[in-house]
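A structural walkthrough
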Amino acid sequence: METVKPAAAFCVAKNIVLGHEKGKPLHVSDGGVPVPISFTLPAGQITAVVGPNGAGKSTLLNAFLNEPPLIGGSLFVNSLPQTIQDTSVRTLSEIMAVVTQESTYPEDLLLVDLWRLAYLNKVGVWGRLPSRESEVFRTYFGRFKLADKALKPLRRLSTGERQKAFLALALLQEPQVLLLDEPTNHLDPPSTQDFWEALSQQQHERPIDVLVSTHDLSFVRKYADHVLALKEGKLEYEGIAEGFLTNSWFERVYGKAID
């Protein structure tokens, strides 16, 4: 049966089965049969993927990169003519950008030069990168509160500053889809607030499709539009964020009331 992708959706998942490797699905029925999940994600919004440890949050985000491939089902993204499973790694890298809990980096690379690397895909290895004084960099230094860090090596930045720097790097690539895998997990509250505020401002000016794996319920309350709640690879809730933030749904997923 042909799947029709709604115009207002950026992603449609049809009977997908999550797992770390083939033959090991995250959720099976009492009879040992893999239990598929389906969902539709709204375009131009922030979707939070929540759930306990081991629920499958990071596995779902990795499925968007086809790493590892889905055990079953089909995952569509609007801009692609075929499923993600049938799309090359190069094409996926052109439309998606990722920020994880920790990013590897050359410690002596200057922050502004890190951001210049965002343009490599556009200009090629021998092309001309933007100058360090470009207008877009000045805008981002202000937005991410990093103006005094432009010529600092990455090793001289705090963890929170580096995470904001890598968020900016991802956004400078102008992706269609931004994947954030627990990006504030190691940040203190002020740094976490700065990170989400920078994302929110960018989203207000140029909305893109954002998928965030997180344990941060304050982020869900304040910034998320949509929620996918997973438990052991099973989809427990899909809908508006406000609808999830009730004790009935929260207890079903986490086994306790909201603090």
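Attention in this report is confined to the structure presented alongside it. (Residues numbered from 1 in each chain as written. Predicted model: local features only at pLDDT ≥ 70, side-chain atom pairs only at ≥ 80, totals over all residues. Heavy atoms only, no water.)

1. Re the sheet that holds strand 3 (residues 46–50)
For clarity, the cut-off: Pairing between strands is defined by DSSP: at least two bridges between the two strands are required. Note on conventions: DSSP H or I runs of at least 4 residues are helices, E runs of at least 2 residues are strands, and numbering of each starts at the N terminus. Each axis is a line fitted through C-alpha atoms, taken for helices only over the stretch in contact, and angles between the N-to-C directions span 0 to 180 degrees. The criterion used for residue contact is that any of the two residues' heavy atoms lie within 4.5 Å.
Judged by pairing direction, the sheet is mixed, and its six strands sit side by side in the order 5-6-7-3-8-9 without closing on themselves. Among the strands making up the open sheet, the edge pair consists of strand 5 (96–99) and strand 9 (234–240). Direction aside, the axes of adjacent strands within the sheet are offset by 15 degrees on average. In this structure, strand 6 (residues 177–181) lies alongside strand 7 (residues 209–213), joined through five bridges in parallel fashion. Residue pairing for strand 7: Leu179 is matched across the bridge by Leu211. Of the strands in this sheet, strand 5 and strand 6 are in contact with helix 6 (residues 159–172), which crosses strand 5 at around 175 degrees. Contacts from helix 7 (residues 189–205) reach strand 3, strand 6 and strand 7 within the one sheet, and its direction differs from that of strand 6 by about 170 degrees.

2. Thoughts on the sheet that holds strand 4 (residues 72–77)
Strand pairing in a sheet relies on backbone hydrogen bonds. The paired strands run either parallel or antiparallel. One open sheet holds the three strands; their spatial order is 2-1-4, and the pairing between them is antiparallel. Each edge of the sheet is formed by a strand with only one pairing partner; in this case those strands are strand 2 (37–42) and strand 4. The sheet shows a mean angle of 5 degrees between the axes of neighbouring strands, taken without regard to direction. Pairing of strand 1 (residues 9–17) with strand 2 involves five bridges; the strand directions are antiparallel. By the bridge assignment for strand 2, Ala9 is matched with Pro42.

3. With respect to the packing of aromatic side chains
Heads up, the rule is: Pairing of aromatic rings covers Phe, Tyr and the six-membered ring of Trp, with a centre-to-centre limit of 6.5 Å; geometry is then stacked below 30 degrees between planes, edge-to-face above 60, and tilted otherwise. Whether a charge sits over a ring depends on NZ of Lys or CZ of Arg being within 6 Å of the ring centre and within 35 degrees of the ring normal.
Considering all chains together, one arrives at 14 aromatic pairs under this definition. The ring centre of Tyr140 lies 5.6 Å from the NZ or CZ of Arg143, which sits over that ring.

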